[in-house]
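Structural overview
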Amino acid sequence: MSHQCTSLVTGGAGFIGSHVAESLIQMGHQVVVLDDLSGGFADNIPGGAEFVQGSILDHELLEKLFRPTSSPTYTTWRLMRRRG
C-alpha cells in the first residue's frame, strides 16, 4: 500500500516558504500552505498546493486542520479542507 506524504508549510506565501512548498511538490508531497498573508502574497503559492488563509496562532483552525485518523495498518494525520 502506498502512502503519499502531506506536508503543511506555514508561511508558504512568502519567498522562502513558497520555495519550500514548490520543492515538496516536486518530491511528490501533497502540500498545504497556511499563511495569513501578512508578509507574503497569494501569487507566490505554487500551483498544486492547497491554500488555507489563517494564522498558526489560531488554535481552532489548527485543530480543524489536524484530525487524527486510523486504519488497521497505520495511523496518519488527515488535513481537513477549510471552506470559506
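Residues numbered from 1 in each chain as written. Predicted model: local features only at pLDDT ≥ 70, side-chain atom pairs only at ≥ 80, totals over all residues. Heavy atoms only, no water.

**Examining the sheet that holds strand β1 (residues 6–10)**
The sheet built from 3 strands is open, its strands ordered β1-β2-β3 with parallel pairing. Of all strands in the sheet, those bounded by a partner on one side alone are β1 and β3 (49–53). In this sheet, adjacent strand axes meet at a mean angle of 20° when their direction is disregarded. Pairing of strand β2 (residues 30–35) with β3, which is carried by 5 bridges, proceeds in the parallel orientation. Counterpart to Val 33 in the pairing with β3 is Phe 51. Of the strands in this sheet, β1, β2 and β3 touch helix α1 (residues 15–26), which is tilted by about 170° from β1. (Pairing = 2+ DSSP bridges. Helix = DSSP H or I, 4+ residues; strand = E, 2+ residues; numbered from the N terminus. Axes fitted to C-alpha atoms, helices over the stretch in contact; angles between N-to-C directions. Contact = heavy atoms within 4.5 Å.)

**Details of the side chain of Ser 7**
Take Ser 7: it is sitting in strand β1. Residues within four places of Ser 7 in sequence aside, it is in contact with Leu 24, His 29, Gln 30, Val 31 and Val 32.

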